[in-house]
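The lines below spell out each chain.
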Amino acid sequence: MKLEKSEILKALESITVAGEGKNMVESGAVKNIITFGDEIVVDLVLSTPALHIRKRAEVDVMKVIHEKVYEKAKVTVNIKVEAPVASQPQKNQIKGKPIPGITNIIAVASGKGGVGKSTVTSNLAVTLAKMGFKVGLLDADIYGPSAPIMFDVEGERPLSVKVGSTSKMKPIENYGVKILSIGFFTQPNQAVVWRGPMAAKALNQMIFDAAWGELDFMLLDLPPGTGDIHLSIMQSLPITGAVVVSTPQNVALADARKGVAMFQQDSINVPVLGIIENMAYFTPDELPNNKYYIFGKEGAKHLAEDLEVPFLGEIPLVQSIREAGDVGRPAALQTATPIEKAFEELTKNVVQEVVNRNDTLPPTEAIKITTMAGCSAIKK
């Protein structure tokens, strides 16, 4: 049977690669087609390195050829990644109201509380520091700050230092991470009962009235959900990208989906670097080869594929992670352990996505918030 290239190209026109905006042929992703008998080789060039997008493109090509060209064709798909070259690269440039000396600002969010967002943030921070990066962590969870406990700095108070002619707060530092949290300014049994504007003012003080110095990464530990604090942060800062943490269970995934949607709104437009699955599975010490999927299996991974955002990795449900956080020594500091390896792999994926984002996208702008007819409207 002779397979015509024109028929194959016509079939491939029905496929749109995520992020391309055009069909596979029109965008130039199809570089070559070779036929020999019942064998078809398709060479593709994509602009994204994301594994899930490459895999989906491969599956789509094979499926459409089998459905529209020849059911028994032997199809091989070769994929090469070439990032688009900007005429004037704008790496790490920040518009809006940047913090001098800070290169990348990463928001760590979760749609639902209790999924381990702060635990992931603290371990991500110390792993970045172990890799040699200069790291800061802003605990933006005004109503439930946990960074002082997780970094064993409860009871510490930031000092005032002179920066030029201005007095600024000096962040508390431990494990190579500079930290600021509302927890440093309240008593352990004191509840923070503030309306949105008061919380926003406190956050702005910790952001702009602090002597952060030179940082490669500032991590923002956001409160769960989508609300005033999130808008205040994105109004104040041009966020490099956002990471969303979820457990695999459906209840958490439904809220994580909303969290991703918040960042992807046209009026906000913060790049989503990916989704992290926490509490992915449980392995008891006495059965080290067993995995028990207590909250469901690979739910966050499937959500990432569905939303076409990167899946950054999974962290198991391990007692020592909880214990390490409770005593103020993040579990990623433990050497030569599966937990250290898991957080290292996760952190490498986050760094890679930041590099990809800075190479291919323009800088993020801080959003502006106005009030119209009693309703909040968000606009650029």
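Located above this text is the structure these notes cover.
Now for a look at the structure at hand. Only a predicted model underlies this, so the values are computations on that prediction, with no experimental measurement involved.

**Side note on the overall build of the protein**
So, step 1. Broken down by element type, the protein carries ten helices and 15 strands.
So, step 2. Out of the 380 residues belonging to the protein, those deemed buried represent 46%.
So, step 3. Looking at the protein alone, contacts between residues at least 24 apart form 73% of all its contacts between residues at least 6 apart.
So, step 4. As displayed, the protein has an accessible area near 19000 Å², and 50% of this comes from carbon and sulfur atoms.

**Looking at the pairing of strand β6 (residues 159-163)**
So, step 1. In terms of burial, β6 is largely open, as just zero of its five residues are buried.
So, step 2. Relative to strand β7 (residues 166-170), β6 is paired through five bridges, and the arrangement is antiparallel. The residue bridging Lys162 from the neighbouring strand is Ser167, located in β7.
So, step 3. Taking the residues between adjacent antiparallel strands as the criterion, β6 and β7 are bridged by two residues, where Gly164 takes a positive phi near 70°.

**Details of the nonpolar core**
So, step 1. Ranked by internal contacts, the top residues of the largest apolar core, which has 84 residues, are Phe151, Val177, Trp212, Leu220, Ile233, Ile239 and Phe263.
So, step 2. Considering each element in turn, this core owes the most residues, seven residues, to helix α10 (residues 338-360).
So, step 3. If we ignore the near neighbours within four places in the chain, the residues touching Ile233 are Ala140, Leu203, Ile207, Leu220, Leu222 and Ile239.
So, step 4. In terms of nonpolar packing, the next biggest core, distinct from the first, is built from 23 residues, Leu12, Met24, Leu44 and Val64 among them.

**Here we look at the sheet that holds strand β3 (residues 74-81)**
So, step 1. Strand order in the open sheet formed by three strands is β1-β2-β3, with mixed pairing between adjacent strands. In the strand order of this sheet, the two ends are held by β1 (30-36) and β3, each with one partner. With direction set aside, neighbouring strand axes in the sheet form an average angle of 15°.
So, step 2. In this structure, β1 lies alongside strand β2 (residues 39-46), joined through six bridges in antiparallel fashion. Counted as the bridge partner of Val30 is Leu44 from β2.
So, step 3. Running over the sheet, helix α1 (residues 5-12) touches β1 and β2 and is turned about 135° from β1.
So, step 4. The strands touched by helix α2 (residues 51-68) are β2 and β3; relative to β3, the strand with the most contacts, the crossing angle is about 150°.

**Topic: the pairing of strand β5 (residues 135-139)**
So, step 1. Extensive coverage of β5 is indicated by the burial of five of its five residues.
So, step 2. Both faces of β5 are covered, namely the face carrying Val135, Leu137 and Asp139 and the face carrying Gly136 and Leu138.
So, step 3. When β5 meets strand β9 (residues 177-181), the two strands line up parallel, connected through five bridges. Paired with Asp139 across the two strands is Ser181, which belongs to β9.
So, step 4. Summarising the sheet, β5 and strand β10 (residues 215-221) pair through five bridges and their orientation is parallel. Pairing of Val135 across the sheet is with Phe217, part of β10.

About the cut-offs
- Residues numbered from 1 in each chain as written.
- Predicted model: local features only at pLDDT ≥ 70, side-chain atom pairs only at ≥ 80, totals over all residues.
- Heavy atoms only, no water.
- Helix = DSSP H or I, 4+ residues; strand = E, 2+ residues; numbered from the N terminus.
- Buried < 20%, exposed > 50% of the residue type's maximum accessible area, 1.4 Å probe, protein only.
- Contact = heavy atoms within 4.5 Å.
- Areas by Shrake-Rupley, 256 points an atom, 1.4 Å probe, with all protein chains shown as cover.
- Pairing = 2+ DSSP bridges.
- Core = buried A, V, L, I, M, F, W, Y, C linked by side-chain atoms within 4.5 Å.
- Axes fitted to C-alpha atoms, helices over the stretch in contact; angles between N-to-C directions.

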